[in-house]
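Reading the structure
Below are the chains, spelled out letter by letter.
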Amino acid sequence: MSEAAIDINAIERELRQMWQEQATHPDAGGQAVIRALTLNLIVRAPDDGWAEQALAVAPALTAQHPNRTVIVIDRPGPATELQANAQALCTLANAGRTQVCGEQVTISARGAPAGQLASLVLPLLVPDLPVVLWAPGPQPFAQPLVQRLYRLCDRLIVDSTTFADPLRELAELAAFEQTANGAPAVSDLGWTRLTSWRELTAQFFDTRPFLPHLHRIDEIVIEYAAGNRPNPVAALLFVGWLASCLKWTPLEDAVGIEGETIQIYLRRPAVGVGPAAIRLVSVAIRPVDRAGVEGLARLALRAVDNQQAEFVVELTSDAGHACTRATIAGAHPIERTATIDRPALADLLNSELRLLSRDRTFAAALHLAGGLARRLALP
Amino acid sequence: MATPVLDNPLRAGLRIGRTPEPCTMVIFGASGDLTSRKLVPALYNLARERRLPGGFSVVGFARRDWSDDYFRDLLREAVNANSRSGPVDPELWASFAQGIQYHRGSFDEADAYTSLAERLAAIDAERGTGGNRVFYLATPPDAYPTIVAQLGAHGLAHSNGWTRIIIEKPFGHDLASAQALNAEVLSVFREDQVYRIDHYLGKETVQNILIFRFANGIFEPIWNRSHIDHVQITVAETIGVEDRGGYYDTSGALRDMIQNHLMQLLCLVAMEPPSLYDADAVRDEKVKVLRAVRPLSVNDTVRGQYGPGSANGLPVRGYREEKGVSPASQTETYVALKLFIDNWRWAGVPFYLRSGKRLPRRVSEIAIQFKAAPTMIFADTPLNDLDPNVLAIKIQPDEGISLKFSSKTPGQPQIRPVTMDFRYGASFGVTSPEAYERLLLDCMLGDGTLFTRRDEVETSWALLTPILQAWAEGPPQPFPNYEAGSWGPAAADEFIARDGRSWRRL
Ligand SMILES: NC(=O)c1ccc[n+]([C@@H]2O[C@H](COP(=O)([O-])OP(=O)(O)OC[C@H]3O[C@@H](n4cnc5c(N)ncnc54)[C@H](OP(=O)(O)O)[C@@H]3O)[C@@H](O)[C@H]2O)c1
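The rules behind the values
Residues numbered from 1 in each chain as written. Chains lettered and ligands numbered in written order. Predicted model: local features only at pLDDT ≥ 70, side-chain atom pairs only at ≥ 80, totals over all residues. Heavy atoms only, no water. UniProt positions renumbered as here; feature names shortened; annotations may be inferred. Contact = heavy atoms within 4.5 Å. Buried area = accessible area lost by both parts, 1.4 Å probe. Salt bridge = Lys/Arg side-chain N within 4 Å of Asp/Glu carboxyl O. Polar contact = N/O pair within 3.5 Å; in protein donor to acceptor, adjacent residues only side chain to side chain. Near = heavy atom within 4 Å. Areas by Shrake-Rupley, 256 points an atom, 1.4 Å probe, with all protein chains shown as cover. Helix = DSSP H or I, 4+ residues; strand = E, 2+ residues; numbered from the N terminus. Nonpolar A, V, L, I, M, F, W, Y, C, P; charged D, E, K, R; others polar. Domains from an automatic or database assignment. pLDDT = per-residue confidence, 0-100. Pairing = 2+ DSSP bridges. Axes fitted to C-alpha atoms, helices over the stretch in contact; angles between N-to-C directions. Phe/Tyr/Trp six-rings, centres within 6.5 Å; stacked < 30°, edge-to-face > 60°. Lys NZ or Arg CZ within 6 Å of the ring centre and 35° of its normal. Parallel < 35°, antiparallel > 145°, perpendicular 65-115°, else oblique. Buried < 20%, exposed > 50% of the residue type's maximum accessible area, 1.4 Å probe, protein only.

Under an unreviewed UniProt entry, the name given to chain B is Glucose-6-phosphate 1-dehydrogenase, and the source organism is Chloroflexus islandicus. Per UniProt, chain B has the following entry under Sequence similarities (unreviewed entry): "Belongs to the glucose-6-phosphate dehydrogenase family." The UniProt entry for chain B carries this comment under Pathway (unreviewed entry): "Carbohydrate degradation; pentose phosphate pathway; D-ribulose 5-phosphate from D-glucose 6-phosphate (oxidative stage): step 1/3."

The name that an unreviewed UniProt entry assigns to chain A is Glucose-6-phosphate dehydrogenase, with the source organism given as Chloroflexus islandicus.

**Quick word on the interface of chain B and chain A**
Listed by partner, the interface residues are 42 residues for chain B and 45 residues for chain A. Roughly 3500 Å² of surface becomes buried between chain B and chain A when both sides are summed, with 49% attributable to carbon and sulfur atoms. Of all residues in chain B, L10, R15 and R50 of chain B bury the most surface against chain A, accounting for 25% of the area lost on that side. Linking chain B with chain A are 3 salt bridges. Residue R50 of chain B pairs with E199 of chain A through a salt bridge whose shortest N-O separation is 2.8 Å. Our count for the chain B to chain A interface comes out at 12 residue pairs in polar contact (both at pLDDT 80 or more).

**Focus on the site of the ligand**
Residue and element names in this part refer to chain B. Near the ligand there are 20 residues, and of these S31, D33, R37, R63 and R64 occur at the shortest range. Interatomic distance of 2.7 Å between a side-chain N/O atom of D33 and a nitrogen atom of the ligand. Note that an oxygen atom of the ligand is positioned 2.6 Å from one of the side-chain N or O atoms of R63. When the ligand sits alone it has 890 Å² of accessible area, and the protein chains cover 77% of it. Broken down by element, the residue count for the shell around the ligand peaks at 3 residues, all from helix α1 (residues 33-48). Within the shell around the ligand, the residues separate by chemical class into 8 nonpolar, 6 polar and 6 charged.

**Focus on the domain arrangement of chain A**
Residue and element names in this part refer to chain A. Each assigned domain of chain A is listed here: domain 1 (8-153) and domain 2 (195-377). Every contact between the two is made by 10 residues of domain 1 and, on the other side, 6 residues of domain 2. Between domain 1 and domain 2 lies a buried interface of about 780 Å² when both sides are counted; carbon and sulfur atoms form 76% of it. There are 0 salt bridges connecting domain 1 and domain 2. Our enumeration of links across domain 1 and domain 2 arrives at 2 residue pairs in polar contact (both at pLDDT 80 or more). Listed by contribution, the elements that provide at least two residues to the side of domain 1 that touches domain 2 are α2 (48-64) and β6 (131-134). If one sorts the elements of the side of domain 1 that touches domain 2 by residue count, α2 sits on top with 6 residues. A class-by-class count of the residues in the side of domain 1 that touches domain 2 yields 7 nonpolar, 3 polar and no charged.

**A look at the confidence of the model for chain B**
A low pLDDT score tells you not to read the predicted coordinates there in detail. Residues and elements named next belong to chain B. Put simply, chain B has an average pLDDT of 92, and 95% of its residues get 70 or more. Here residues 1-5 is modelled with pLDDT under 50, and outside its nearest four sequence neighbours on either side it reaches 9 contacts, counting other chains as well. With a pTM of 0.86, the predicted complex shows an ipTM of 0.83.

**Focus on the sheet that holds strand β5 (residues 163-167) of chain B**
All names here are of chain B. One open sheet holds the 6 strands; their spatial order is β3-β2-β1-β4-β5-β6, and the pairing between them is parallel. The open sheet has two edge strands with one neighbour each: β3 (100-104) and β6 (194-196). Here the strands of the sheet are splayed against their neighbours by 20° on average, with no regard to which way each runs. Most of the contacts of helix α5 (residues 144-153) go to strand β4 (residues 133-137), to which it runs at about 155°, and overall it touches β1 (24-28), β4 and β5.

**Concerning the packing of aromatic side chains**
Two aromatic rings are characterised by how far apart their centres lie and by the angle between their planes. Residues and elements named next belong to chain B. Scanning the entire structure with this criterion turns up 31 aromatic pairs over all chains. Following the ring pairs from residue to residue traces out a cluster consisting of F28, F61, F107, Y113 and F135. The aromatic ring of W162 is capped on one face by R164, whose charged end is 3.8 Å from the ring centroid. Across from the ring centre of Y200, 5.2 Å away, lies the NZ or CZ of K203, which sits over that ring.

**Some remarks on the UniProt feature "active site" (unreviewed entry) in chain B**
Following the UniProt record, the feature "active site" (unreviewed entry) maps to H261 of chain B here. With residues near it in sequence (within four places) discarded, H261 of chain B still touches K169, D198, H199, Y200 and D256 of chain B.

**With respect to the packing of α1 of chain B against helix α2 (residues 68-82) of chain B**
All names here are of chain B. Their axes nearest at 9 Å, the elements α1 and α2 cross at an angle of 90°. What the angle tells us is that α1 and α2 run roughly perpendicular. Along the contact surface, α1 presents S36, R37, V40, P41 and Y44, while α2 presents L75, A78, V79 and N82. Residues that form the contact of α1 with α2 fall into these classes: 6 nonpolar, 2 polar and 1 charged.

**Points about the side chain of S282 of chain A**
Residue and element names in this part refer to chain A. Mapped onto the secondary structure, S282 falls in strand β13 (residues 278-288). On the basis of relative accessible area, S282 is assigned to the buried category, the value being 18%. Aside from chain neighbours lying at most four places away, what touches S282 is D218, E219, I220, Q263, I264 and Y265.

**What about the domain arrangement of chain B?**
One frequently used descriptor of interface size is the decrease in accessible area upon assembly of the parts. Residue and element names in this part refer to chain B. Its domain assignment divides chain B into domain 1 (24-168) and domain 2 (201-497). With centres defined by C-alpha atoms, the gap from domain 1 to domain 2 works out at 34 Å. Regarding the contact of domain 1 and domain 2, the summed buried area is about 1400 Å², with carbon and sulfur atoms giving 72% of it. When the buried area of domain 1 at its contact with domain 2 is split by residue, L46, R84 and R164 rank highest and sum to 36% of it. Taken together, domain 1 and domain 2 are joined by 2 salt bridges. Here E437 ties to R84 by a salt bridge, and the two come within 2.8 Å at their closest N and O atoms. Our enumeration of links across domain 1 and domain 2 arrives at 4 residue pairs in polar contact (both at pLDDT 80 or more). Every element with two or more residues in the side of domain 1 that touches domain 2 is listed here: α1, β4 and β5. In terms of residue count, α1 provides more of the side of domain 1 that touches domain 2 than any other element does, 7 residues in total. Tallied by class, the residues present in the side of domain 1 that touches domain 2 amount to 12 nonpolar, 1 polar and 5 charged.

And the structure:
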């Protein structure tokens, strides 16, 4: 199809018509069909596979954030190819409930210049609603379409678990986030996957008697599941998070890789001694073999000075749950089994779409992790 | 004294709230219906959503001769049957059940409390619960004073951690009994340790009333006597008295529903904005509403009792034929009443409240009816043909908010009412937690906002007790006066028609 065949007005007409049909469709069963769009989602899909994934998560996204999705399949190629189609999608109506509907427009392109794609996407956005750009796959910042669009977006979502060169791209992500400074806000689905781990870790210290130990951590060991392409980004973000919450600062020249283990040292304020005193926290991040698991597999925080204490979160052998254990010298270990989400892509996106502004906790963690990644990526 | 919020530096930016400190919940009446149907499923779901800390423990207190294992199995079955998340996840349950114990004893038996104290101390040592306790009174109401006194006598009202007590409804059956119960409870516990449950406040849509009013700028300016004609609050049930006949016959709709649930809804729609969202600031404003209610007269009430009829197409018996109910019972199963709030915001605006059993639909809603347009400029439509604007806050079952306004009919010169609907379930694809989940968690976190304070309970009883007395002293009513499955007695329709208004058709 030639590029002239894409007529924005025709797409809008098509969508309007679909709404009318929905409203009078016998399956609507007398239930009102509600068009209550809450945002625009632009997906920059590097290939058909990602476009399919984006279509596959659309119903789940619509259920929580009815939206207009514009999927751009942005394939490289010598000859320019462009076509577009639209559909409205309604989430399954529970008996007696109103249907919620969203809209999808797919623009399939090959070798099209970013400027041309952007000129198609922009008029398709519903006015006065937030715009989110989701750019899965490696090297999001190197994509001309992303470079072209991000300034117009309220949020840019990337996924560090899909990075090809994880350390280098993590450093880029951190640099981008800092420069953007909230415009757009940046989300990383790799960080979203850490939510349960952060929650379980934080919960230890909601218990008053455990809180003092948090300020005396000396040693951290993080194990992450690695296949043939180890991606330590999640573990680095986790360290970045702890360090930024607890005001630890990395010892810049003491960051290194020994075999497969990443070794990091951070300064932490010493507790109970003179104000200038500092102590070191040693962090080891290592890959382990865990079939069927992505991301973190186990983490342990230890305090050895003064009273010994250890806090462990680990996946159970079937990886369906997490076991948390707090061991304080001289007391019964306190253990429990907890659910740990292995969230689907749609859950991760939904959770980021819920945020309205810059996630400052993430920004601080990313800043620190990005610094570490930069050191580690040096030849 | 509320627990100071712990300064956990890892909490900032986490997407779920704080978890309570490890504690032990002692459930009195643990072999009863409430425990199996609501409390333990709620606790399990909290654990499942990682809202409970490691070490959290439950001790069930009742008379039956049960073992820990038997009790755990029974609760597991109860969760399987009643939890909104379906059957238990075996691994999670195993970990949760480790913290459950059964304590056999009678409420009036001193030794049972001595051994309870020992048991709690042992749990503190083994499971790190640090002396933190919640006592939950899920017992017949006449046991409340006994248990409270025994807890006091055995030094269980205070510990080296925090101690709180949750008291179920009914809280008293008139002003004097509510005051007496408060006096007994407060001779042992401080008010900030006492959490009186009204499970309506745990419903998300009820909490949403405050969000709707005070997080939106456009409604508050018209939320007053200049713009509102009247307010209707309806809580309709389709069920009869089930197997609670014996209890219900001593209570009735005014005590069972109006005094607590409908009065709470009234407070939430009518209150002034609190200066902050904090337990006492919110409850202060609610009490001010109750204090401003003009004393009620019996002439502002209508009573009803259902006779035989049908429900869901099946014949059902009348109230007087229910198990445990006196065949000559004068207990009301339906109440409608009108009240006025004498303050600057509401002077002259009637609030109509109604609640009944065996009505055609289960529905709870608050409807704000606005005044009509002052004059009609569309010649073809007389003013009295126009439906007024109504903002309906639906609490159950289809939670949401709808606004009715007039619109032009396509192609014709006519004006028709249309409804703009916001449905909670459709806009947010997640299921809401059960009321008890929210309330149990809030109590463990030390947040009393959604619980009723002493003065709230007493002020509400003070308003309604004269009606109860007048009814008791008045002539017997020609009960039954409405058919099961109808919208209540004809007298209720006449009652509101006298004011030139009508009940909303629901
Ligand atoms: N059920 C509900 O859905 C519901 C809803 C709202 C409010 N409530 C309120 O919640 C409270 C409990 O309701 P429920 O339906 O669970 O009551 P229930 O089924 O009658 O249970 C009462 C429990 O109290 C125990 N008990 C009674 N006397 C005792 C004594 N002297 N010593 C030790 N244990 C004693 C019984 O245990 P043994 O038989 O083993 O002695 C039983 O476990 C009531 O105040 C009710 O108004 C209930």
